[in-house]
Amino acid sequence: MASTKTSTSHKSHKPKTPSRSRPPLTPSLTAGLNALSLGGSPVKPRRTHIQDLTGNPFLSRPPSPDKQSNNAFVVNAELQRQANSGVVRRGGIESRMDVVRHDYFPPVQTKRSPKRSKSMGRLGTEDRFLPRSRGLDDSDIAAVPMKEFHPDGSPRHVARLAEAAGIAVGDRVLKYHEAPPMPSADKDLSQQRLQARALYQRPGAIANSVSVSTNKTRKIPSQPERVLDAPGMVDDFYLNLLSWSSTNVVAVALSETTYIWRADSGSVTQIAEAPEGSYVSSVSFSNDGMFLAIGMGTGDVELRDIETGSKLRTMAGHQGQVACMSWNGHIVSSGCGDGSIWHHDVRVARHKACELLGHTGEVCGLEWRGDGEYIASGGNDNVVNVWDARMGDAGSDHDGVPTMTKRTHTAAVKGLSWCPWQPALLATGGGTSDTTLHIWNITTGARIHSVKTPSQITSVKFAPHKKEIFTTHGYPTNSLMIHAYPSMERVAEIRDAHDSRVLFSQVSPQGDVVCTGAGDENLKFWRLWEVPKKKKEHKTQRAATGESILQLR
């Protein structure tokens, strides 16, 4: 029992490890530590002048006094010399200093790109891309040289893109598209498409119609005969950038350049270019097709000779863009953005023959009647005016007064057309919030017919050889429509004729083909009618006449 107690007491009373606690600081020890110095007195902060700070952005202000007073070493002459020469000893004091390993590059401030229309494309601010996932920091990105950026449309930028793509500049203007792929011959797939068509049927469209004709005895093709590329065509509802002359020549304005396309040969010629900082807002051929009037965004009207391509004269005076023009003999009428209409006499130096004031908004539709007695105008103020050309004396300062004014439309009126087989009829079409086609009798001033369409009306044309009315439409259908007259029944509808809203249309001189232009930068030619055959003249029977003459002898 005694031995057991002794062993138990041995285990309970083990010797403890000596404590490593520091002795308390006595007043004498504290005074001695304060008097101790490793290198003498502290170094006073060095005054730095402003001119010494211009080269190093990190020395933009003197060092903190707190940090400077706590230096544990003296910067002697030898260490200063080694630091200036770039020598850093391994294990030395200077190797433990904080060294800036990357230079500072201030952030590059880029200017905001100018606001552009949707049809002009998207502008970038730089032509490089360095992903952050590669571990690049700001100094590495700033060290990459920036290339000079040219905005979209500059000659050098276009030339560089053309060289990279291996094509000639302007080679795609008014050229044919490649033939589309043939449709699938799978009957099951065709049946599925037919069943799914009802899911995306648009309001007001013809049910279960592919091309679209409601008349079984007449087949209207749903695909165009030709498609020409028109790069740079401005997607603007108020402009008129297409014209078809009586000599079978098509003029089209693409941004600041005007081209003519000859339908008989397919040749393309650049005929004019707008001044720097301007653009082409309208084009119109003269009645004989020998001259082309070009309206500019600056308000000028240029006159060009089609055969030589030379500029004959420039007629200035408008205070806004010339969005529409129409010819009547030697008079070319122009509608301006300020609501005024000018008659220009191209034969005399003082070209302004008359001014018509009847609109408070931009004039976007203008059309002379075939006999030259009346001119109709439509504007952004939702007003349709009909002017009697016989009321004003050309060459005088007389300001015309409209003989008929209609305010029925609830949107801008751009589509205007005179009836070729009944001169008293005028067709007008309204924009997005109106979408209505009206037929007027200007003799009585009465509205004869009205038709509601599913989308905005961008142009209206009477068929030359058939009693029908052709209209083009914008969002959401982008369609072409044909209405019978006078029943106003829908004869045909070609839905999604363009990928964008159909803005312009012109009828060929023969009256069988319609050319349409849209914001998708395409010109499409549609054969919608047939040219009537000329009746053969009845010839007299010469043999019988000869016999009677012989008998008289």
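Before reading further, recall that the structure is shown in the block above.
Residues numbered from 1 in each chain as written. Predicted model: local features only at pLDDT ≥ 70, side-chain atom pairs only at ≥ 80, totals over all residues. Heavy atoms only, no water.

Student: Explain the overall build of the protein to me, please; I cannot follow it from the model alone.
Tutor: The number of helices and strands found in the protein is eight helices and 29 strands. Across the 553 residues in the protein, those meeting the buried criterion constitute 40%. Relative to all contacts within the protein whose residues are 6 or more apart in sequence, the contacts with residues 24 or more apart total 46%. As displayed, the protein offers around 34700 Å² of accessible surface, 52% of which is attributable to carbon and sulfur atoms. (Helix = DSSP H or I, 4+ residues; strand = E, 2+ residues; numbered from the N terminus. Buried < 20%, exposed > 50% of the residue type's maximum accessible area, 1.4 Å probe, protein only. Contact = heavy atoms within 4.5 Å. Areas by Shrake-Rupley, 256 points an atom, 1.4 Å probe, with all protein chains shown as cover.)

Student: How should I be thinking about the sheet that holds strand β28 (residues 513-518) in this particular structure?
Tutor: Hydrogen bonding along the main chain pairs the strands of a sheet, whether they run parallel or antiparallel. Taken together, four strands build an open sheet; the order of strands is β1-β29-β28-β27 and the sheet is antiparallel. Looking at the sheet topology across the chains shown, the edges are occupied by β1 (226-229) and β27 (502-507). Each adjacent strand pair in this sheet contributes to an overall mean axis angle of 20 degrees, direction not counted. (Pairing = 2+ DSSP bridges. Axes fitted to C-alpha atoms, helices over the stretch in contact; angles between N-to-C directions.)

Student: Would you mind showing me how to read the side chain of Ser505 here?
Tutor: Along the chain, the position of Ser505 falls in strand β27. According to the relative accessible area criterion, Ser505 is buried, its value standing at 4%. Engagement of the side chain of Ser505 in a polar contact is seen with the side chain of Ser459, the distance being 2.7 Å. In this structure Ser505 touches Leu242, Ser459, Lys461, Phe470, Thr472, Val514, Cys515 and Thr516, once residues within four positions along its chain are discounted. (Polar contact = N/O pair within 3.5 Å; in protein donor to acceptor, adjacent residues only side chain to side chain.)

Student: Hey, could you run me through the environment of His449 in this one?
Tutor: Within the fold, His449 resides in strand β22 (residues 446-452). On a C-alpha basis, the gap between His449 and Met488 in space is 7.8 Å, while along the polypeptide they are 39 residues apart. Among all residues touching His449, those that are not within four sequence positions of it are Leu437, His438, Ile439, Tyr485, Pro486 and Met488.

Student: Honestly, the nonpolar core in this entry has me stumped. Any pointers?
Tutor: If you look at soluble globular proteins, the nonpolar side chains tend to sit buried side by side. Counting residues in hydrophobic clusters, the biggest one holds 36 residues, and the most contacted among them are Leu292 and Leu523. Of the residues forming this core, the biggest block, six residues, is contributed by strand β3 (residues 249-254). Formed by 16 residues, the second largest nonpolar core is a distinct cluster that contains Phe470, Val491, Val502 and Trp526. (Core = buried A, V, L, I, M, F, W, Y, C linked by side-chain atoms within 4.5 Å.)

Student: Please clarify how the packing of aromatic side chains should be interpreted in this entry.
Tutor: Any aromatic ring pair is given by two values, namely how distant the centres are and how the planes are angled relative to each other. Per the stated rule, a full pass over the model turns up six aromatic pairs. An angle of 40 degrees between the planes, with centres 5.3 Å apart, marks the rings of Trp261 and Phe525 as tilted. Placement of Trp261 in strand β4 (residues 257-262) and of Phe525 in strand β29 (residues 522-527) is noted, with a sequence separation of 264 residues between them. Under the relative-accessibility criterion, Trp261 is labelled buried at 2%. Clustering of aromatic rings is evident, with ring pairs tying together Trp244, Trp261 and Phe525. Seen from the ring of Trp342, Lys352 lies directly overhead, with NZ or CZ sitting 4.1 Å from the centre. (Phe/Tyr/Trp six-rings, centres within 6.5 Å; stacked < 30°, edge-to-face > 60°. Lys NZ or Arg CZ within 6 Å of the ring centre and 35° of its normal.)

Student: What exactly am I supposed to notice about the side chain of Ser245 here?
Tutor: On the secondary structure map, Ser245 appears in the loop between β2 (242-244) and β3. A residue is classified by how much of its surface remains accessible, and Ser245, at 2% relative accessible area, is buried. Filtering out sequence-adjacent residues up to four positions away, Ser245 remains in contact with Phe285, Gly289 and Pro509.

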